[in-house]
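# Notes for the structure review
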Amino acid sequence: MPPKKLKNPRARHNFVGRTCSILSVGSYVPERVLDNAELERLVDTSNEWIMSRTGISERRIASKHETTSDLASRAAMCALERAKVTPEEIDLIVVATITPDMPFPSTACLVQRKIGATRAAAFDLEAACSGFIYALEIGQQFIMSRTYETVLIIGAEKLSSIINWSDRNTCVLFGDGAGAAVLRHRPHAHGLLTACMGSDGTKADLLCMPGGGSACPPTHESLAAGLHYLRMDGKETFKNAVNAMFTAANEALRRCDLDISEIKCIIPHQANRRIIDAVAERLGASQEQVFVNLHKFGNTSAASVAIALDEAVAAGRIQRGDLALLIVFGAGLTWGAAVIEW
Ligand code: ACO
């Protein structure tokens, strides 16, 4: 059968831009492993509960002195070395994170300094667990419009810094890590075919950190009330995650005129095994198509699909020419899906 002619939805409206490809990916996770047995000693939980309700077995935790920009810089250098791109060649750095080193300057600027990307413009974006797809879409806009040649996007989180380690509802779910991708135009490649992004601010309260911003600057009272920790309505978040991820993935496939069976590898946000299974089932995807690594890292928010993409490529689950579907969901609420010809 001759290869299917891929439809690029960006070709509408007399599109004259160029395509954007992921040249390489890289990731970094801290060395320290926090397993379920250790959590059993910390809060009233059990390995059995965590495994059966989430599928998470262990997660990585950054050291006290290791910051989000440190994790991001290591993932970035890994991706740059693989692409044989030097830091000086980078035009733009976008860091997606909800755990910046500090409110300002941006973590992207700190990464710029650490990796020596002297020419780059740099900024952060905040779309929680959906951040990597938001960064991918933003990065590709600059490549497509020929504004920039080389864009570095990073999803990086030190979630351990905003976790209440006495709250069993949340502390078992999250971990630290970073994933990065180098974006460029690759001649004759389709690259990123489409990226859908969505949000619903009316559900902002489902998953948030109420303290630390202008609405609730740090005070002794706010700290005592634990307002600087991540809070989540797990059940409602779960339901919204399944619906939003399914809808976004369907929309991305529809735009490219693709059937789920044509996707080689599906990389969903790694929040909960049951969410991943429910989305895959509704999409009609087989288990073999879906890449899962949350048992090792838990939910690393903006880093999640980036780390998973890196592992899937390293494992040979995605090869040049294959189609991959990335699906994300996070606080905001936000969601998104992207179809990539690898
Ligand atoms: N150990 C033991 N028991 C626990 C634990 C724990 N770690 N955590 C909660 N429980 C208890 C609850 O207290 C509750 O007890 P109760 O019935 O006596 O009140 C019981 O277990 C069941 O709780 P549920 O909320 O019904 O459990 P559920 O099946 O919904 O699973 C979970 C909870 C894992 C949090 C799930 O709802 C979930 O994964 N939600 C989505 C999270 C998510 O996807 N976040 C993504 C975005 S993250 C971001 O953007 C940063």
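Here, the structure is the one placed above.
Residues numbered from 1 in each chain as written. Predicted model: local features only at pLDDT ≥ 70, side-chain atom pairs only at ≥ 80, totals over all residues. Heavy atoms only, no water.

## As for the packing of aromatic side chains
Enumeration over the complete set of coordinates arrives at one aromatic pair. The lysine or arginine in question, Arg320, covers the ring of Trp342, its NZ or CZ lying 4.9 Å from the ring centre. (Phe/Tyr/Trp six-rings, centres within 6.5 Å; stacked < 30°, edge-to-face > 60°. Lys NZ or Arg CZ within 6 Å of the ring centre and 35° of its normal.)

## Regarding the nonpolar core
With 51 residues, the main nonpolar core has Leu258, Ile260, Ile263, Ile266, Leu325, Ile327 and Val339 as its most contacted residues. Elements with a contribution of two residues or more to this core: β8 (192-199), α8 (234-256), α9 (273-283), β12 (323-330) and β13 (334-341). Per-element tally for this core: the top contributor is α8, with ten residues. Ignoring anything within four residues of it in the chain, the contact list for Ile263 reads Leu253, Leu258, Gln289, Leu323, Ala324, Leu325 and Val339. (Core = buried A, V, L, I, M, F, W, Y, C linked by side-chain atoms within 4.5 Å. Buried < 20%, exposed > 50% of the residue type's maximum accessible area, 1.4 Å probe, protein only. Helix = DSSP H or I, 4+ residues; strand = E, 2+ residues; numbered from the N terminus. Contact = heavy atoms within 4.5 Å.)

## Remarks on unusual backbone geometry
That bond from Phe104 to Pro105 is cis: its omega, 0°, falls within 30 degrees of zero. Here Pro105 shows up in the loop between β4 (92-96) and α4 (107-115). For Arg146, which is not glycine, the phi torsion reads 65° and is therefore positive. Note on placement: Arg146 falls in the loop between α5 (131-144) and β6 (151-158). In the Ramachandran plot, His188 falls in the positive-phi region, its phi being about 70° despite a non-glycine side chain.

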